[in-house]
Amino acid sequence: MRALRFERDVVRFGAARLASGLRPGAGSRWGPLELVTDDEPDLPGPDWVRLSPRLAGICGSDLATVDGRSSRWFEPIVSFPFVPGHEVVADLVPDGSTAATTDATTDATVDGASSRVVLEPVLGCVTRGISPVCPACADGRLGNCEHLAHGDLDAGLQTGYCCDTGGGWSTSMVAHPSQLHAVPDDMPDQAAVLVEPTACAVHGAMRARVRPGDTVAIIGAGTLGLLTLAALARFAPECSTVIGAKHPHQRDLARALGATVVCEPGELARAVRRRTGTQVLGTRGTNGTRSTNGTHGASTSRLTGGAAVTIDCVGSADSLATALAITRPTGRVVMIGMPGVLRADLTPLWQREIELVGAYAYGTEHPVDAEGAPTGESRRTFDMAFELVRAADLGRLVSATYPLERADDAIAHAAEAGRRGAVKIAFDLRQRPPLPTSTRQTRTRPPSARN
Amino acid sequence: MNIDDLRPGRLVARLGFPFTAAPTPPGVEPPVEPNRLGDRYDTDWARRPLARATRQAVIRTVGRVGTAALARPSVAGLDRLDGLDSNVIFVANHHSHVDTPVLLTHIPRPWRDELVVAAAADHFYDTRPKAALISWAYGAIPMERKKVSRRSADTAAGLLDDGWSLLIFPEGGRSPDGWGQPHKGGAAYLAVRVGVPVVPVHLDGTGLILPKGSNTPRPGKVRVNFGAPLRPSDGEDARRFAIRLEAAVSELADESSGDWFSARLRAHAGDTPGLHGPDDSWIRDWRSPDRRPQITDSDRRWSSGRTR
Amino acid sequence: MLFHHGEQLRLERLPAERSRIIYPPEPLAGLDDPDQAIRDALENPIDSEPLSALLFADMRLTIAFDDISLPLPQMRRPDIRQRVIEAVLDLAAEAGVTDVHLIAALALHRRMTEEELRHAVGDRVYDSFAPRGQLYNHDAEDPDGMTLIGTTRHGEEVQISTRVATSDLIVYVNINLVSMDGGWKSTATGLSGYQALRHHHNVHTMRQSRSFMDRESSELHRSNWRQGEVLRDAGIKVFQIETTVNNDLYGDGPLKVLAKREWEWTTRDRATFMAAKAGLDRLSPAQRRRILHGWRAPYAMTSVQAGEVEAVHEVTTRHVYDQQLVPVEGQTDILALGLPYICPYNVNSIMNPILVMCLGLGYFFNLYKGRPLVREGGVLIMSHPTTPEFHPVHHPSYIDFFEEVLAETTDPLVMEAQFEERFATDEWYRHLYRTSHAYHGVHPFYMWYWGSHALEHLGGVVVVGGDPATVRRLGFRPASTMSDALEIASDVVGRQPTITYFKNPPLSMVDVT
């Protein structure tokens, strides 16, 4: 099989970090990511099945890993060498055969039924053969599993960070049946590959515990930002959403996905202020007639009230600071974007009693009613994600696909997706043997459109 | 050798003629040098280009910095001079030797560039070096204050006719006690005679910096308030005009101590407080350096051990 | 041709055979003794008793005066307002009036700073009244400070400051820079609030005002005059003092060249101009602003008249026309304007894109009597950098207007219907207007309405040298050079259009026949 493999290599890791400082995504060329031809991974247990990936998305956390910018927090819950890729739509490979022998250019079917699946990549207790399962897994909150480094598998929080399972950026991987969700026949691969990130967004939207009438601010209009927007529009339709989007295509998509207000990122604070009718404190230059140099969006320093919930889909120090400045007292800041190490002034968190909430992965959702009490129903996040992907036609967010051989280009494209007019970039693994040039480049803008 | 013998005067005297004047032979009348001091001192040279240029340079540098450090003057009322295009007589109250430098540095252009200051003939023009210094540094002209002097009035009038402006302190000397003294009529007389407008000026705070009788200046804050120019009206004689001028300075003082509108209210009601202070007050005696009791140790029943 | 270009200067070529230039008239001579003229006017008013006869000891006297928007640029000290107010106060002091309030009649403009108030009324007046709280900025949003007087026969509400409503006499001290100022607009607008202003500061009125610089043809003024009637009938006694100035912006100083016709430039003038242009081009925008807003014009007072509002204003308007009116024959296809660095609403501040629109399409376009200088469907070409810069303190609601309203629409009617009220009642804008130095939340809308007559009349607007994205957001066409602009304009007005360059400032007004 062919795979993009990530080795533990301190020197190249450092090189990736340096290179990505110059240009995001350059870590793929200089870093520890390598295209290799290798044996297919062994099945770790009797129940396990072999998958032949069709499309595998490039996620923000993947980029951070490739660029050497991920937090050291992951060290004990990652095992090397691993094949990245956890946003996967794949074909089930029938027992006994290997992925290489399957003709993946046609939709493989087993007994006339679709064998296409979407992977739920979290490696929880069941997948690891741990019994009894931990309380989180028992509760269906798979993402909160406590046993990410135990059981039958080596350490790894998800498929794509574990040396035993392989990953989506390859032609063959293995998965436990509990991880698989069948893809309906009428759902195209582009839509299916977005189910996993959509599930993240749905989970984040549910973690926001939005009430009717709330104003929700969304920072960042990349894949996660747009998907979160779509999730709110579907599962919390009575709130109003304000999203800061930098690029024209992001603004168009945000409007199409149901945003109440779409604005420039620098204008977000003002837009939230207008929406919520609050005041601004600490405007710069209150003494007389000092002028600003045109960065008028940054002139407001904080709102007296603000959004009930702010969803940070960027995870940088700036975005967190903005989030804290535009969230009302006792409001909630949800971090969906992977933050990493950042410097933050948490005084507003303390003084305004803001809840800072993380939202990782997915599991089972328990929707709440207007008073915040659980409604008693519960749904798998992935089921909700399937519903949303279909309802909001989220497949359109896949902007371009690349073969594995063009990994450097793919990762560079993903790292600069916004500027290059793209949203989600994925690897296309259906064409085999890979052609020297990709045939699925039609939706990619020419490089000249970069600026 | 006696210590007195080392004094320069004695040393020169020992050298004899020609280092000292030759002794006049008995029976010969010594030639009397004409008196060129007091109001007879000729200050023309101090208004020639070289003297003016150096004076202005000094005023602009040393003068400006010095007064700024000592008096931190704030100037008000300059807008009232707007539209005034002739030379003028500035009439100010007088508390201190600081007054003149403050005004010399803060009277606006163009008047500052062609300004003479009336200085007491008896005080400043009693020796040649003193007269030369004051004429050069202040552009001063001698003005007789104790008696009516035709000469000094003619000099001043001539200069006003030539387009010079004049700064004059009509109180005739520094206030001995912090209160104003009655105005003398010189300024009003000149204004009526030459027909130039008079700008009343009030200086507040200079008396605290260097009052009469004190030699060590204490830095303070000075307010200079320029008033609207006054012209003698038709048929107004110098005496009545002088009263008007004195009132104008009083109103400016009232303005400086409070606010303009209250001062105007009092002025129209005739309630402007005068600058003279109470006629009979122990404070006047207390403050006055002239009247400070001159007690010597020998008058006292005890001794401070100090010799006068 | 010299074009003002915001804080910079540009030279542009216009096609020789099809272009004409309208230069401002020479400055009139000022009054010899303005203070005496003021005293004379106060003692010999028009249709009124002398001011001294109207004053008595225990009266409530309120003196209102024009705010920072007049004159432009600010004049050298002493300001005319100071001269007049001091003369009035001296009479008041003579009569022993102690209950005197002075109010900067700024309507919904920003509050003036201490420095600006000192400049307008002078230090003596400021120090006399400000510390006692008797000199202050009008506050149209003070819940206890505004009184509803009544409604006009057209149903327009009339609202005025309570202090004014309860005074025995209001003395209004005005500077008439353009013929729009003065008359009842001084009191009915300057001392009023949103509740009353919305009845004439709206799209309908502005479209019916042709132009709002010509009182007889201006619906804006008719409405103000109706409100004035209500004030008069309610027993509010106004003693109006109006003054006019000449158009001597630059004096004999180094900038004199800007007031000269190009063919009159001497070698020295050309050198001065090149130095000024090169200097300005090299400075940063903030430095340029500091220098230019520091300029104080040596305006001279050309007339002062006092007495009954309407009678006084007739005389005043005549004096303004004497200085400014230029007879022009026939309309033109293309009107070219060089917009300067200042307009009434950015004194000591930044000229933001909305103000650019207001200055070009509001003020300069409307400086006509009779019919517009440019024909219906013609093109307006303005030269201004139009950068998206806003003064965060003075113009907070403008930023939101630019970001939110202009992103949606440039149609004044849509703005009025959809956005105006929300901006007018926004608590934050209200707070900043009352406590900081911000224009009222609704003010950017009024700026846009000011240009609504022009928007309706014109076939297109091209901005030379403007920031393209910003110019597009305003709904105009950007062009990098004058020839590009003429090329763009030819799409609308044909191949051989006539061009008129209306050279302002110094201000002038055209009488088009």
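Per chain, residue numbering runs from 1 following the sequence as it is written. Lettering for chains starts from A, numbering for ligands starts from 1, and both go in the order in which the items are written. Note on the predicted model: pLDDT of at least 70 is required for a residue's local features to be given, and 80 or more for side-chain atom pairs to be given and counted; whole-chain, interface and lining totals, by contrast, use all residues. Based on all heavy atoms of the structure, the side-chain values leave hydrogens and waters out of the count.

### Structural notes on the side chain of Lys 185 of chain C
Residues and elements named next belong to chain C.
Argument step 1. Helical segments are the DSSP runs of H or I of at least four residues, strand segments are the runs of E of at least two, and each set is numbered from the N terminus. For Lys 185, the position within the fold is in helix α6 (residues 184-190).
Argument step 2. Only protein chains enter the area calculation, which uses a 1.4 Å probe; residues under 20% of their type maximum are buried, those over 50% are exposed, and those in between are partly exposed. Residues scored as positive are Lys and Arg, those scored as negative are Asp and Glu, and His as well as the terminal groups of each chain are ignored. Here a salt bridge means any side-chain nitrogen of Lys or Arg lying within 4 Å of a carboxyl oxygen belonging to Asp or Glu. Within the buried set, Lys 185 has no salt-bridge partner at all; the shortest N-O distance to an opposite charge, 5.2 Å, is to Asp 181.
Argument step 3. Non-local contacts of Lys 185, meaning those with residues more than four positions away in its chain, are made with Met 180, Gly 190, Leu 220, His 221, Asn 224 and Trp 225. We call two residues contacting when some pair of their heavy atoms lies within 4.5 Å.

### Digging into helix α3 (residues 99-106) of chain B
Argument step 1. Of all eight residues in α3 of chain B, seven are buried, a share of seventy percent or more.
Argument step 2. All of the buried residues in α3 of chain B are Asp 99, Thr 100, Val 102, Leu 103, Leu 104, Thr 105 and His 106 of chain B.

### Section: the confidence of the model for chain B
Argument step 1. Here pLDDT means the predictor's own confidence in every residue, given as a number from 0 to 100. Taken over all residues, the pLDDT of chain B has a mean of 80, while the share at 70 or more is 84%.
Argument step 2. For this predicted complex, the interface score ipTM comes out at 0.82, while the overall pTM is 0.81.

### What about the pairing of strand β21 (residues 424-428) of chain A?
Residue and element names in this part refer to chain A.
Argument step 1. Of all five residues in β21, five are buried, a share of seventy percent or more.
Argument step 2. Residues of β21 alternate between two faces, with Lys 424, Ala 426 and Asp 428 on one and Ile 425 and Phe 427 on the opposite face, all of them buried.
Argument step 3. By the convention used here, strands pair only if DSSP detects at least 2 bridges between them. Relative to β21, strand β3 (residues 49-57) runs antiparallel, the two sharing three bridges. Residue pairing across strands places Leu 55 opposite Asp 428, the latter belonging to β21.

### Observations concerning the pattern of salt bridges
Argument step 1. Considering all chains together, one arrives at 83 salt bridges over all chains under this definition.
Argument step 2. In this structure, Glu 427 of chain C and Arg 430 of chain C form a salt bridge, with 3.0 Å as the shortest nitrogen-oxygen distance. With a gap of three residues between them, Glu 427 of chain C and Arg 430 of chain C both fall in helix α17 (residues 427-435), about one helical turn apart.
Argument step 3. The exposure class assigned to Glu 427 of chain C is partly exposed, which follows from its relative accessible area of 41%.
Argument step 4. Taken together, the shared-partner salt bridges connect Arg 270, Arg 273 and Arg 274 of chain A together with Asp 400, Glu 403, Glu 404, Arg 422 and Asp 426 of chain C into one network.

### Describing a nonpolar patch on the surface
Residues and elements named next belong to chain B.
Argument step 1. A contiguous nonpolar surface patch, about 320 Å² in accessible area, is contributed by Val 12, Leu 15 and Phe 19.
Argument step 2. Of note, Phe 19 is situated in the loop between α1 (8-15) and α2 (49-71).
Argument step 3. A relative accessible area of 59% means that Phe 19 is categorised as exposed. Residues form patches when they are more than 30% accessible in relative terms and have no salt bridge. Like charges link within 9 Å. Nonpolar side chains (Val, Leu, Ile, Met, Phe, Trp, Tyr) link within 5 Å. Using a 1.4 Å probe, accessible areas were evaluated by the Shrake-Rupley method; residue-level cover was limited to the displayed protein chains.

### Focus on the interface of chain C and chain B
Argument step 1. Every contact between the two is made by 20 residues of chain C and, on the other side, twelve residues of chain B.
Argument step 2. In this description, buried area is defined as the sum, over both parts, of the accessible area (probe of 1.4 Å) that is lost when the two are combined. Where chain C abuts chain B, roughly 1,300 Å² becomes buried across the two surfaces, and 57% of that area is made up of carbon and sulfur atoms.
Argument step 3. The largest share of the area that chain C buries against chain B comes from Asp 90, Ala 93 and Arg 124 of chain C, three residues that together contribute 40% of it.
Argument step 4. Linking chain C with chain B are four salt bridges, by the criterion used here.
Argument step 5. The residue Arg 264 of chain B makes a salt bridge to Asp 90 of chain C at a minimum N-O spacing of 2.6 Å.

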